[in-house]
Amino acid sequence: MKFEGQVRIPSGCAISAVISKEGNKMSGEMIINSMKPMHDRSNGLGGGFAGYGIYPQYKDFYALHMFFDTRDTRKKCEAFLKDQFEIVQSEIIPTRKIPVITNEPIIWRYFVAPLQSVLTSLQLDENEFVARTVMKINAEMPGAYVFSSGKNMGTFKAVGFPEDVGIFYKLDEYEGYSWTAHGRYPTNTPGWWGGAHPFTLLDYSIVHNGEISSYDANRRFMEMFGYKCTLQTDTEVITYIMDYLLRIQGLTLGEAASVIAAPFWSTIEAKTDLNDQQKHTYLRTIFPSLLITGPFSIVLGFNGGLMALNDRLKLRSMVVGEKKDKVFIASEEAAIRTMEPNAENIWSPAGGEPVIIKVKEGVFL
Amino acid sequence: MKIINAANLNYRAVNEALCNADKDCMIESCCGQRFIAAGMSDKNITINGIPGNALGSYLNNANIVVNANAQDAVGDTMNEGKILIHGNIGDAAGYAMRGGKIYVKGNAGYRAGIHMKAYKEKIPVMIIGGHTGSFLGEYQAGGIIIVLGINTVGKPIVGNFPCTGMHGGKMFLRGNCKDICFPEQVTARYATSKDLDEIMEYLSEYCRDFTYSIDKLLSVPFTVITPDSKNPYKQMYVAN
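Model, not experiment: these values are computed from the prediction. (Residues numbered from 1 in each chain as written. Chains lettered and ligands numbered in written order. Predicted model: local features only at pLDDT ≥ 70, side-chain atom pairs only at ≥ 80, totals over all residues. Heavy atoms only, no water.)

## Considering the overall build of chain A
Reasoning step 1: On a plain count of helices and strands, chain A comes out with 11 helices and 18 strands.
Reasoning step 2: Its C-alpha atoms give chain A a radius of gyration of 20 Å, within 12% of the compact-globule value 21 Å for 365 residues.
Reasoning step 3: In terms of principal-axis extent, the alpha carbons of chain A reach across some 60 × 50 × 45 Å.
Reasoning step 4: A fraction of 75% describes how many contacts in chain A between residues 6 or more apart in sequence connect residues 24 or more apart. (Helix = DSSP H or I, 4+ residues; strand = E, 2+ residues; numbered from the N terminus. Rg over C-alpha atoms; globule rule 2.2 N^0.38 Å. Contact = heavy atoms within 4.5 Å.)

## Some details on the UniProt feature "active site" (unreviewed entry) in chain A
All names here are of chain A.
Reasoning step 1: According to UniProt, the "active site" (unreviewed entry) feature falls on Cys13.
Reasoning step 2: For Cys13, the location among the structural elements is in the segment before strand 1 (14-20).
Reasoning step 3: Filtering out sequence-adjacent residues up to four positions away, Cys13 remains in contact with Arg41, His182, Gly183, Arg184, Tyr185, His208, Asn209 and Ser331. (UniProt positions renumbered as here; feature names shortened; annotations may be inferred.)

## Description of the sheet that holds strand 10 (residues 178-183) of chain A
The strands making up a sheet associate through backbone hydrogen bonding, with each pair oriented either parallel or antiparallel.
Residue and element names in this part refer to chain A.
Reasoning step 1: The strand order across the open sheet built from 7 strands is 8-3-10-1-16-15-17, with neighbouring strands paired in antiparallel fashion. Every other strand in the sheet has two partners, leaving strand 8 (153-158) and strand 17 (344-347) as the edge strands with one partner each. Shown here is a sheet whose adjacent strand axes are inclined to one another by a mean of 10°, direction ignored.
Reasoning step 2: Across 2 bridges, strand 15 (residues 319-323) lies against strand 17 in antiparallel orientation. When the sheet's bridge partners are listed, Glu322 is paired in strand 17 with Glu344. (Pairing = 2+ DSSP bridges. Axes fitted to C-alpha atoms, helices over the stretch in contact; angles between N-to-C directions.)

## What about the packing of aromatic side chains?
Residue and element names in this part refer to chain A.
Reasoning step 1: One pass over the structure, following the stated rule, counts 23 aromatic pairs over all chains.
Reasoning step 2: With a centroid separation of 4.8 Å and an interplanar angle of 90°, the aromatic rings of Tyr55 and Phe111 are classed as edge-to-face. Taken together, the positions of Tyr55 in the loop between strand 3 (47-52) and strand 4 (62-68) and Phe111 in strand 6 (residues 106-114) put the pair 56 residues apart, joining distant regions of the chain. Each of the two residues, Tyr55 as well as Phe111, counts as buried.
Reasoning step 3: Between Tyr58 and Phe111, the aromatic rings sit 4.1 Å apart at their centres with planes inclined by 20°, giving stacked as the arrangement. Remark: Phe111 occurs in strand 6 and Tyr58 occurs in the loop between strand 3 and strand 4; sequence separation between them is 53 residues.
Reasoning step 4: Exposure remark for Phe111: the relative accessible area of 1% places this residue in the buried category.
Reasoning step 5: Three or more aromatic residues link up through ring pairs in this structure, and these residues are Tyr55, Tyr58, Phe67, Phe111, Phe147, Phe156, Phe168, Tyr169, Tyr174 and Trp193.
Reasoning step 6: Geometry around Trp108 places Arg74 over its ring, the cationic atom sitting 3.9 Å from the centre.
Reasoning step 7: The cationic tip of Lys157 hangs over the ring face of Phe199; the distance from NZ or CZ to the ring centre is 4.3 Å. (Phe/Tyr/Trp six-rings, centres within 6.5 Å; stacked < 30°, edge-to-face > 60°. Buried < 20%, exposed > 50% of the residue type's maximum accessible area, 1.4 Å probe, protein only. Lys NZ or Arg CZ within 6 Å of the ring centre and 35° of its normal.)

## Brief notes about the interface of chain B and chain A
Reasoning step 1: Listed per partner, the contact involves 19 residues of chain B and 22 residues of chain A.
Reasoning step 2: Both sides together, the interface formed by chain B and chain A hides about 1,600 Å², and carbon and sulfur atoms give 51% of it.
Reasoning step 3: It is Cys31(B), Arg34(B) and Tyr110(B) that lose the most area in chain B upon contact with chain A, and together they represent 29% of the buried surface on that side.
Reasoning step 4: Where chain B meets chain A, there are 2 salt bridges.
Reasoning step 5: Among the salt bridges present, the one from Asp91(B) reaches Lys314(A), with a minimum N-O distance of 2.6 Å.
Reasoning step 6: Here chain B is connected to chain A by 9 residue pairs in polar contact (both at pLDDT 80 or more).
Reasoning step 7: Among the residues forming the side of chain B that touches chain A, the class breakdown is 9 nonpolar, 6 polar and 4 charged. (Buried area = accessible area lost by both parts, 1.4 Å probe. Salt bridge = Lys/Arg side-chain N within 4 Å of Asp/Glu carboxyl O. Polar contact = N/O pair within 3.5 Å; in protein donor to acceptor, adjacent residues only side chain to side chain. Nonpolar A, V, L, I, M, F, W, Y, C, P; charged D, E, K, R; others polar.)

## Focus on the UniProt feature "domain: Glutamate synthase alpha subunit C-terminal" (unreviewed entry) in chain B
Reasoning step 1: Here the UniProt feature "domain: Glutamate synthase alpha subunit C-terminal" (unreviewed entry) sits at residues 20-193 of chain B.
Reasoning step 2: As annotated, residues 20-193 of chain B has a helix share of 1% and a strand share of 32%, and its two end C-alpha atoms lie 46 Å apart.

## Notes on the packing of helix 4 (residues 126-140) of chain A against helix 7 (residues 235-248) of chain A
Helix-helix packing is characterised by the crossing angle of the two axes and by the distance between the axes.
All names here are of chain A.
Reasoning step 1: Two numbers describe how helix 4 lies on helix 7: the axes approach to 13 Å, and their chain directions differ by 165°. Taken together, the axes of helix 4 and helix 7 are roughly antiparallel relative to one another. Handedness of the helix 4/helix 7 crossing: left-handed. Contact residues: helix 4 offers Asn127, Glu128, Ala131 and Met135, while helix 7 offers Tyr240, Arg247 and Ile248.
Reasoning step 2: Of the residues that constitute the contact of helix 4 with helix 7, the class distribution is 4 nonpolar, 1 polar and 2 charged. (Parallel < 35°, antiparallel > 145°, perpendicular 65-115°, else oblique. Left-handed = near helix turned anticlockwise from the far one by under 90°.)

## Side note on unusual backbone geometry
Peptide bonds are trans in most cases, and residues, glycine excluded, mostly fall at negative phi.
Reasoning step 1: Following His197(A), the chain continues to Pro198(A) via a peptide bond in cis, the omega torsion being 0°.
Reasoning step 2: One can find Pro198(A) in the loop between strand 10 and strand 11 (199-201).
Reasoning step 3: In this model, Ala54(B) sits at a positive phi of 60°, which is unusual for a non-glycine residue.
Reasoning step 4: Structurally, Ala54(B) can be placed in the loop between strand 3 (41-50) and strand 4 (61-66).

What follows is the structure in structure tokens.
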């Protein structure tokens with residue numbers, strides 16, 4: 001075996017995304033192919049995808065995608081779920097056996113709705129209840145992990161190269177109006193199934209290229225609000241931050257972007273638009289612990305849209321392009337050209353400048 | 001001329017084909033292959049499609065023409081030769097280059113010319129036709145960076161924090177730059193005709209390459225930025 005220094009491993013994570021503003025459905029094939037030219041950005045220790053609009057027949061139910069270490073764990077978890085949810089469908093997530101993906105856990109999905117009696121007695125809305133249940137399972141049930149918990153969306157992830165992971169999960173057989181993808185090159189956390197991206201809570205999913213140096217500060221802050229970081233990697237906390245800012249605090253996407261990728265104080269002071277200056281001052285003052293430092297380029301997926309964002313210093317690459325109803329986002333332009341050779345208006349968003357794309361009102365659910 | 005079809009070839013195969021090719025060669029259907037022409041000498045390479053990161057890294061003395069956009073780290077640690085891009089380029093172009101030329105028709109991403117340096121007769125030159133992202137010429141130690149701001153459609157010619165940590169070389173920005181905030185350790189002033197004489201050779205070449213009129217280019221004043229040796233660079237991120 002060659003050690004670092006004897007061998008150069010040219011890598012650095014890859015992200016990619018596509019969305020149809022008209023809500024037109026695309027199979028997962030295009031997003032799988034987009035990862036191929038960026039193969040060398042990953043090292044085979046994680047790949048994953050999120051698809052939105054893929055479960056129209058169960059759109060009113062939460063789709064819980066789960067990893068279990070043993071059949072026993074699954075039985076135990078199922079009994080736990082049955083106490084508080086109506087389970088309308090419970091099945092193995094279909095996969096293809098391929099030689100490059102091995103050691104898979106038991107991969108299951110449940111389409112569920114929280115029991116009204118449980119919600120009434122706890123006085124919680126269903127999103128909050130589902131979020132708390134996900135935290136509880138991931139933190140307290142050894143060997144069981146919920147890796148996707150939104151409605152009409154799902155994530156699919158594994159240890160392997162992303163293009164293989166897509167084939168493993170048969171994503172060519174799903175159709176969604178938006179997709180995100182990730183190829184992983186873990187730097188200081190383990191490459192394991194639960195640690196592959198995307199990281200999700202409810203319908204929020206994050207794919208991330210980078211490494212956040214504020215992880216512990218962010219994590220400690222989020223733990224005050226019941227979020228438990230259990231997946232041994234930094235990206236997880238970004239997902240919870242977005243859930244907290246968007247769902248709990250009710251911030252807009254743009255405001256949430258200004259919290260996590262806040263401009264330097266000197267940049268805020270130099271702003272000539274005084275309302276904008278006041279808003280940024282307010283957000284940095286109220287949420288100082290949610291500033292994310294260190295390099296990142298992320299794509300946040302949610303029901304009805306995507307948001308792409310770079311860290312304020314822009315220490316990672318990200319390119320955006322368009323064609324007709326579609327918008328493409330990727331770490332490299334080559335990935336966009338693979339999805340759409342004639343993509344137009346190729347541009348690189350600035351650090352901290354969110355790119356928000358929403359599906360036309362009324363067509364996505 | 002040898003034509004290399006890069007479709008379905010990985011970066012290693014593309015570079016091997018280049019090594020074995022004639023002096024003049026063309027890459028077709030390029031899509032993200034990295035390190036193209038790394039360290040190469042005595043070649044004239046035309047690329048159709050999107051070359052991957054670190055195009056022409058350690059380039060010794062070859063000419064590369066890209067008929068589209070290029071990605072990150074174009075000309076990383078380049079030594080000699082010329083890279084001509086007909087589109088835009090990504091981040092960190094010309095990282096630590098110490099010789100040769102990078103001429104870009106369109107825009108550059110963040111950190112263009114980061115840690116560019118010079119050595120004796122080696123003076124690297126980078127010309128960006130459009131606008132650039134933040135941290136232009138970060139830690140610049142030598143060489144010449146020129147940004148022309150053609151067709152920037154209302155966007156500023158550079159983003160935030162240009163010349164952070166600059167301690168050598170020269171930067172020329174076309175325009176009066178009155179809205180640009182430079183750090184304290186550099187001096188920005190209007191370029192004199194003597195200053196412009198120094199870059200006239202490069203500007204003329206650039207105009208020939210991209211069929212621009214040099215007179216029109218020079219009808220707007222240039223700002224020249226140099227490090228102020230009396231007030232050297234101290235810090236940007238953390239006060240130690």
